[in-house]
Amino acid sequence: MDSGTHLVMGIALGGLAMVDPVVAGSSSTSMAVITSVIIGSQAPDIDTVLKLRSNAIYIRHHRGITHSIPAVLLWPILISSVFFLVFPHTNFFHLWLWTFLAVFLHVFVDIFNAYGTQALRPFSKRWVALGWINTFDPIIFALHVIALMFWAFGADPVPTMFSLYSVVFIYYVVRFFLQRSVKKAVHNTIPDAKRIILSPTSRFFQYRVAANSATHHYVGRAYGRSITIYDKFKIEPLPDTPLFHKVLEDPNFKTFVSFSPLYRWEVNQLGDGKTEVRLIDLRYRSNNYYPFVAIAHLTKDLTIVKSFTGWIFSEDKLQKKLVVKSEGIR
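This section reports on the structure supplied with the text. Since the model is a prediction, treat every value here as computed from it, not as a measurement.

About the cut-offs
- Residues numbered from 1 in each chain as written.
- Predicted model: local features only at pLDDT ≥ 70, side-chain atom pairs only at ≥ 80, totals over all residues.
- Heavy atoms only, no water.
- Pairing = 2+ DSSP bridges.
- Helix = DSSP H or I, 4+ residues; strand = E, 2+ residues; numbered from the N terminus.
- Axes fitted to C-alpha atoms, helices over the stretch in contact; angles between N-to-C directions.
- Contact = heavy atoms within 4.5 Å.
- Core = buried A, V, L, I, M, F, W, Y, C linked by side-chain atoms within 4.5 Å.
- Buried < 20%, exposed > 50% of the residue type's maximum accessible area, 1.4 Å probe, protein only.
- Expected span 1.5 Å × (residues − 1).
- Salt bridge = Lys/Arg side-chain N within 4 Å of Asp/Glu carboxyl O.
- Polar contact = N/O pair within 3.5 Å; in protein donor to acceptor, adjacent residues only side chain to side chain.

1. Overview of the sheet that holds strand β3 (residues 216-223)
The antiparallel open sheet is built from 4 strands, whose spatial order is β1-β2-β3-β4. Looking along the sheet, the strands with just one partner apiece sit at the ends: β1 (195-200) and β4 (226-234). The mean inter-strand angle of the sheet, taken between neighbouring strand axes irrespective of direction, is 20 degrees. Sheet topology places β1 next to strand β2 (residues 206-212); 6 bridges connect them, and they run antiparallel. The residue of β2 that forms the bridge with Leu198 is Val209. Packing of helix α8 (residues 157-189) onto the sheet brings it into contact with β1, β2, β3 and β4, and relative to β1 it is tilted by some 135 degrees.

Spelled out as structure tokens, the structure:
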């Protein structure tokens, strides 16, 4: 989920913690728990600072080790220990318990969007992405804001948050059945589909659709059970050529290939004698454009002079983002 949703989830969990008599019965413990829970609800996303190094490093590692099983165990110990020093009369076990729930909830809800997370590390580096919920779901966010407003105006936080999470649970169940229904509709539209990837949007009934048959990529949109296919591309494996051997050694391309399960490629000759190689992720088509790409410019002797990977929503912005390789990752 996005940072704003994780924040309101953390605050709501702080209200729910008042169900614990040890927390509710001590002002020191309640203050420590609420603060620690809010920090814990954000902690796994500390890897966002990797953007300061490069887009490729951020994409490769975001929701990786900081969302892993060891991290879920270590974050609560670290955060609880810090706040135990600040609030020494706090019950440490209950402080740790609620902080653990906040960290666990962060990682757990991230599993349900299309981006996913490597929550099974170190046992597996596979991305777990169920694709039920958009990264920002306005309904989930709004439900939390409404519940927090009730709390702010004097409502008892315990029944308020129990009601909130009961509704959210039902909402997740509805999204599960909706996704399953949409997937069946895609199968009906593309009977020979071998793989279907649905990416929910911020609109309740709309999904981005990317699918593979044995011979073609399909890209479209689902409006409920109504499926519209916008693009169809013949599947062409990456050529076994020196040009592609070279670009696949580039960190930006390594990141893209490790992250994207469904993409196509293009090679274009540029006016200055250089060659452009582009990998295009087919999952995120928006306004007739594919915003997640890896791109490299090479000279005739196959020297990469510029490369980039990431989300760019126009060709002009993409060209501005291209970086000289010597300034990128090595």
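Next, the rest of the story.
2. Quick word on the nonpolar core
What tends to happen in soluble globular proteins is that the nonpolar side chains get buried as a cluster. Core analysis: the biggest nonpolar cluster contains 40 residues, and Val33, Trp98, Ile133, Ile140, Met161 and Tyr172 have the highest contact counts within it. The contacts of Val33, once residues within four sequence positions are left out, are Ala17, Val23, His94, Leu95 and Trp98. Residues Leu50, Ile57, Phe244 and Phe259 belong to the second largest nonpolar core, which totals 21 residues.

3. What to know about helix α3 (residues 27-40)
Counted at 1.5 Å a residue, the expected span for α3 with its 14 residues is 20 Å, and the 20 Å between its end C-alpha atoms agrees. Ser28, Thr29, Ser30, Ala32, Val33, Ser36, Val37 and Gly40 are the residues of α3 that are buried. Buried-residue contacts for α3 involve α1 (3-16), α2 (21-24), α5 (69-86) and α6 (92-110).

4. Description of the pattern of salt bridges
The final tally for this structure, using the stated rule, is 6 salt bridges. With a shortest N-O distance of 2.9 Å, Asp281 and Arg283 are connected by a salt bridge. For the pair Asp281 and Arg283, one class covers both residues: buried.

5. Re the environment of Thr5
Relative to the helices and strands, Thr5 is located in helix α1. Relative accessible area serves as the criterion here: at 0%, Thr5 is assigned to the buried category. With sequence-adjacent residues up to four places away left out, Thr5 is seen in contact with Phe136, Ile140 and Phe141. Side-chain polar atoms of Thr5 contact the side chain of Asp2, separated by 2.5 Å.

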